[in-house]
Amino acid sequence: MDDPYTLIRPMTLADCDRVSEIRVRGWQHAYRGLVPQPYLDELSVTADAERRRSRFGQGDGSVVNLVAEQDGRVLGWAASGPYRDGAAHTGDAELYAIYVDPAQLGRGIGRALLAASVERCSPYPHMLLWVLRDNVSARRFYERAGFRADGAEEPFDAGGVPVSEVRYARSLRG
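Computed from a predicted structure; not experimentally measured. (Residues numbered from 1 in each chain as written. Predicted model: local features only at pLDDT ≥ 70, side-chain atom pairs only at ≥ 80, totals over all residues. Heavy atoms only, no water.)

Q: Would you explain the pattern of salt bridges in this entry?
A: Proximity of charged atoms lets side chains of opposite charge pair with each other. Evaluated as defined, the whole model comprises twelve salt bridges. Between Arg133 and Asp134 there is a salt bridge whose closest N-O contact spans 3.5 Å. Overall, Arg133 belongs to the partly exposed group, its relative accessible area being 35%. On the accessibility criterion, Asp134 (48% relative accessible area) is partly exposed. The network of salt bridges with shared partners includes Arg23, Asp48, Arg51 and Arg52. (Salt bridge = Lys/Arg side-chain N within 4 Å of Asp/Glu carboxyl O. Buried < 20%, exposed > 50% of the residue type's maximum accessible area, 1.4 Å probe, protein only.)

Q: Teacher, can you tell me more about the pairing of strand β3 (residues 73-85) here?
A: Along any regular strand, the residues point their side chains to alternate faces of the sheet. Among the 13 residues in β3, ten count as buried, and that is most of the element. Connecting the antiparallel pair strand β2 (residues 64-70) and β3 is a turn made up of two residues, with Asp71 showing a positive phi of about 50°. (Helix = DSSP H or I, 4+ residues; strand = E, 2+ residues; numbered from the N terminus. Pairing = 2+ DSSP bridges.)

Q: Sorry if this is basic, but what is going on with the nonpolar core here?
A: Most often, soluble globular proteins have nonpolar side chains that are buried together. Counting 24 residues, the largest nonpolar core has Leu95, Ile98, Leu114, Met127, Tyr142 and Phe147 as its most contacted members. Sorting the residues of this core by element identifies β2, β3, β4 (88-100), α4 (109-120), β5 (126-132), α5 (136-144) and β7 (161-171) as the ones contributing at least two each. Sort the elements by how many residues they give to this core and α4 lands first, with five residues. The contact partners of Met127, leaving out residues within four places of it in the chain, are Ser80, Ala93, Glu94, Leu95, Ser117, Val118, Cys121, Phe147, Tyr168, Ala169, Arg170 and Leu172. Within the second largest apolar cluster, 17 residues are counted, among which are Val19, Trp27, Tyr31 and Val35. (Core = buried A, V, L, I, M, F, W, Y, C linked by side-chain atoms within 4.5 Å. Contact = heavy atoms within 4.5 Å.)

Q: What is the right way to read the state of the cysteines from this model?
A: The term disulfide refers to a covalent linkage connecting the sulfur atoms of a pair of cysteines. In the structure shown here, the tally under the stated rule is zero disulfides. Of the cysteine sulfurs around Cys16, a residue in no disulfide, the closest is that of Cys121, at 20 Å. The buried category is assigned to Cys16, whose relative accessible area is 0%. A residue is classified by how much of its surface remains accessible, and Cys121, at 2% relative accessible area, is buried. (Disulfide = S-S within 2.5 Å.)

The following block contains the structure:
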């Protein structure tokens, strides 16, 4: 059930530890059976938070990190910005990541984060994203939000094991 008290706001430096916890636990929950278990087991909240803090505030401001908060607790995170085609940027936007605390799934937090990310990227003509090919629930989530697989597929290296990702796209115009 959607919670009307979800606040979507820009991420702050103080959110880094919680965002890293959500990201790592989200990976371990969503990708179990899709990504090699040793890869998931080696993910570290502490190391992720250190990287996140060291990079916070860098860049040209084109990457937007949003958090979903309820009753003062961060329950989800999304990052978006210019689409990356290798090192080059294209004229489209990309949803780089979206994760919700696994204990909070199904409450509309992911939908709220996705809607806010789409809104922030509305100056771009399209939004693209990559999702694990075999992550059926995530693919359904994006399809319900108007995204469609566009035929592009690439492997993601998960600890030396290639895992297929497919690209989804959605028009942000009209």
